[in-house]
Amino acid sequence: MRIIIVGAGLAGLSTAISLANSPTKHDILLLESASALAEIGAGIQLTPVATREFLRWGLGDALLAASALPKSWTLRRGSDGSVLNRVDLSAFKEEYGAPYVVIHRADLHRILHARAVELGVEFGLQSKVVDYGFEEGWLQLENGQRTEADVVIACDGINSSARSLLMRHLGHSDQEWLEATGWAAYRAMAPVNDVKADSSTAEIVREHAGNCWADDQKSLMTYMVQGSRNLNLVFSHRDNVNTSDWTQAELHEEFKRMASDMDPRVRRLVDMVDSPINNWPVFQVKTLPNWVSNSGRFVLIGDAAHAMAFYLSMGVSLAVEDATALASALEQHTSDADSITLSTAVKKFEEARKPRVELIRDASLHAGTMLHLPPGRDRVVRDEAALKDGFIPMVEGGLGSRELLVGPNLGYKATIEVVI
Ligand SMILES: Cc1cc2nc3c(=O)[nH]c(=O)nc-3n(C[C@H](O)[C@H](O)[C@H](O)COP(=O)(O)OP(=O)(O)OC[C@H]3O[C@@H](n4cnc5c(N)ncnc54)[C@H](O)[C@@H]3O)c2cc1C
């Protein structure tokens, strides 16, 4: 089949690789609006759901060379840093067949891109797609050029224009499908050497480990990135201020103010920040009625279909699962086109993926709410559950593999079947 993928982010590249690895050979073109391929941002955590697939694609050596493998994830009380729970991440490899890793986004993007090129995927840069023939299988570029394909897969990210166009095409009211979660996160870095040199913070970087201080309407997560040179700081907070015109000095001031009533170690870490600070409001995609067109010639995946709050670190894992599940659905069609039409195959994909992804989206936001509880009964229940046994299997293989911070009365239970 001729398959066009729109968007060369982590979802688009994973989809290209997954399809190129299929038994049936496809002609794959990946279109990207940017003039150069790159990923911005800092470190990301990858659950075994993603790393298992990357290992299967033969990317193990490259991935592990660029990653850190945190040994544990520690949840701490925001006010004094006392430990509420510690998850042994080093056991994940045994438990889930692949490690939990932290990697810089740009490194992962580079590794996936190189493999896609090796597998013969064709790339078109500066190719912004502005319109789609959802039932007929065509797309139109900004320069007016129209291209046809058997299947078009849009992975154009959280601000997807394909999503709005598909919803309109399918007759769903012209509403806004992206919603603010009410949270935002300041992201910054502190040099690990400075953190090590201070006796009060040295423990944080003695080994590769994630830490999270849960506080009233805010939390700070830290983990090492970039060959252990930097400590990544993600400071979540209520999204109640527009910082778009703030200077770096103002952002640093706000960072310090937020830390001022927290564990002294948090205050020291914040003082050590030497990078620019970025503020990311956290959005999620509402439940879409469909991800696929009626003919099956168009499919929406990745953040475009299901961007979610990052509190379970599942965004990339779900994009990789989408890629694998879609390649498997399309393989079913191509290997037995008489009994499995394209439309049937992609609808099966949608039926298998949507409920799982929506569950994890809700669980991700719920985890954020749990992390940021104000003082009160719910927080007492949460802390008791975390101290005692707050981690019950939920989402296979992620930090979400534990029912993070969920006490008996705040329960969010789910069992999840993977892909089709
Ligand atoms: C603060 C923060 C922290 C996060 N932390 C984690 C984490 O620890 N672990 C994790 O798994 N996930 C994390 N995520 C989520 C993760 O980053 C996303 O789920 C993932 O990157 C989505 O990939 P994507 O390819 O769907 O979208 P994107 O990476 O946004 O890629 C979309 C691509 O499409 C291109 N494009 C857009 N429009 C067009 C067009 N019209 N034509 C052609 N090309 C187009 C864009 O240029 C871009 O290259 C985090 C997200 C945030 C915001």
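A brief look at the structure comes next. It should be emphasised that the depicted structure is a prediction, and the values quoted were computed from it without experimental measurement.

Some details on the site of the ligand
Argument step 1. Looking at the ligand, there are 26 residues lining it, with E32, Q45, R105, D303 and V316 nearest.
Argument step 2. Within the side chain of E32, one N or O atom sits 2.6 Å away from an oxygen atom of the ligand.
Argument step 3. Within the backbone of Q45, an N or O atom sits 2.9 Å from a nitrogen atom of the ligand.
Argument step 4. Listing elements by their share of the shell around the ligand, those giving two or more residues are α1 (10-20), β3 (43-46) and α11 (315-335).
Argument step 5. Grouping the constituent residues of the shell around the ligand by class yields 10 nonpolar, nine polar and seven charged.

Overview of the pattern of salt bridges
Argument step 1. Inspection of the entire model under this criterion finds 17 salt bridges.
Argument step 2. In this structure, R268 engages D271 in a salt bridge whose closest nitrogen and oxygen atoms are separated by 3.4 Å. In this pair, R268 and D271 are both assigned in helix α9 (residues 264-272), three residues apart and thus about one turn of the helix distant.
Argument step 3. Owing to a relative accessible area of 31%, R268 belongs among the partly exposed residues under this scheme.

Structural notes on the packing of α1 against helix α5 (residues 105-118)
Argument step 1. α5 packs onto α1 with a crossing angle of 30 degrees between their chain directions and a minimal axis gap of 9 Å. Between α1 and α5, the interaxial angle falls into the category roughly parallel. Two packed elements cross with a definite hand, and for α1 against α5 that hand is left-handed. Residues L10, L13, S14 and I17 of α1 pack against R105, L108, H109, L112, H113, R115 and A116 of α5.
Argument step 2. Within the contact of α1 with α5, the residues separate by chemical class into six nonpolar, three polar and two charged.

A closer look at helix α8 (residues 248-259)
Side chains of residues three or four places apart in an α-helix project in the same direction, reflecting 3.6 residues per turn.
Argument step 1. Between its first and last C-alpha, α8 extends 17 Å over 12 residues, near the 16 Å set by a 1.5 Å rise per residue.
Argument step 2. Along α8, the positions that sit buried rather than exposed are L251, E254, F255, M258 and A259. Along α8, the residues classed as buried sweep out an arc of 135 degrees about the axis, all on the same side. Of the exposed residues in α8, the ones pointing more than 90 degrees away from its buried face are A249, E253 and R257.

Observations concerning the sheet that holds strand β2 (residues 27-31)
Argument step 1. A sheet is described by the order of its strands in space; here five strands give the open sequence β8-β2-β1-β12-β18, paired in parallel fashion. This sheet does not close on itself; its edge strands, each paired only once, are β8 (122-124) and β18 (298-300). Strand-to-strand twist of the sheet, defined as the mean angle between neighbouring strand axes without regard to direction, takes the value 20 degrees.
Argument step 2. Relative to strand β12 (residues 151-154), strand β1 (residues 2-6) is paired through four bridges, and the arrangement is parallel. Note on β12: the bridge partner recorded for I4 is V152.
Argument step 3. Contacts from α1 reach β1, β2, β8 and β12, with the element oriented near 175 degrees to β2.

Description of the sheet that holds strand β10 (residues 138-141)
Argument step 1. Within the open sheet, the three strands sit side by side as β9-β10-β11. Their pairing is antiparallel. Of all strands in the sheet, those bounded by a partner on one side alone are β9 (129-133) and β11 (146-148). For this sheet, the mean angle separating the axes of adjacent strands, direction not counted, is 25 degrees.
Argument step 2. One ladder, built from three bridges, connects β10 with β11; its direction is antiparallel. By the bridge assignment for β11, W138 is matched with E148.

Section: the packing of aromatic side chains
Argument step 1. One pass over the structure, following the stated rule, counts nine aromatic pairs.
Argument step 2. Aromatic pair Y132 and F134: ring centres 5.5 Å apart, planes at 25 degrees, arrangement stacked.
Argument step 3. Under the relative-accessibility criterion, Y132 is labelled buried at 5%.
Argument step 4. According to the relative accessible area criterion, F134 is buried, its value standing at 4%.
Argument step 5. A ring pair is formed by F235 and F255, whose centres lie 5.4 Å apart and whose planes are at 70 degrees; its orientation type is edge-to-face. Taken together, the residues F235 in strand β16 (residues 230-238) and F255 in helix α8 connect sequence positions 20 residues apart. There is no split in this pair, since F235 and F255 are both buried.

Thresholds applied
- Residues numbered from 1 in each chain as written.
- Predicted model: local features only at pLDDT ≥ 70, side-chain atom pairs only at ≥ 80, totals over all residues.
- Heavy atoms only, no water.
- Near = heavy atom within 4 Å.
- Polar contact = N/O pair within 3.5 Å; in protein donor to acceptor, adjacent residues only side chain to side chain.
- Helix = DSSP H or I, 4+ residues; strand = E, 2+ residues; numbered from the N terminus.
- Nonpolar A, V, L, I, M, F, W, Y, C, P; charged D, E, K, R; others polar.
- Salt bridge = Lys/Arg side-chain N within 4 Å of Asp/Glu carboxyl O.
- Buried < 20%, exposed > 50% of the residue type's maximum accessible area, 1.4 Å probe, protein only.
- Axes fitted to C-alpha atoms, helices over the stretch in contact; angles between N-to-C directions.
- Parallel < 35°, antiparallel > 145°, perpendicular 65-115°, else oblique.
- Left-handed = near helix turned anticlockwise from the far one by under 90°.
- Contact = heavy atoms within 4.5 Å.
- Expected span 1.5 Å × (residues − 1).
- Arc of directions from axis to C-beta.
- Pairing = 2+ DSSP bridges.
- Phe/Tyr/Trp six-rings, centres within 6.5 Å; stacked < 30°, edge-to-face > 60°.

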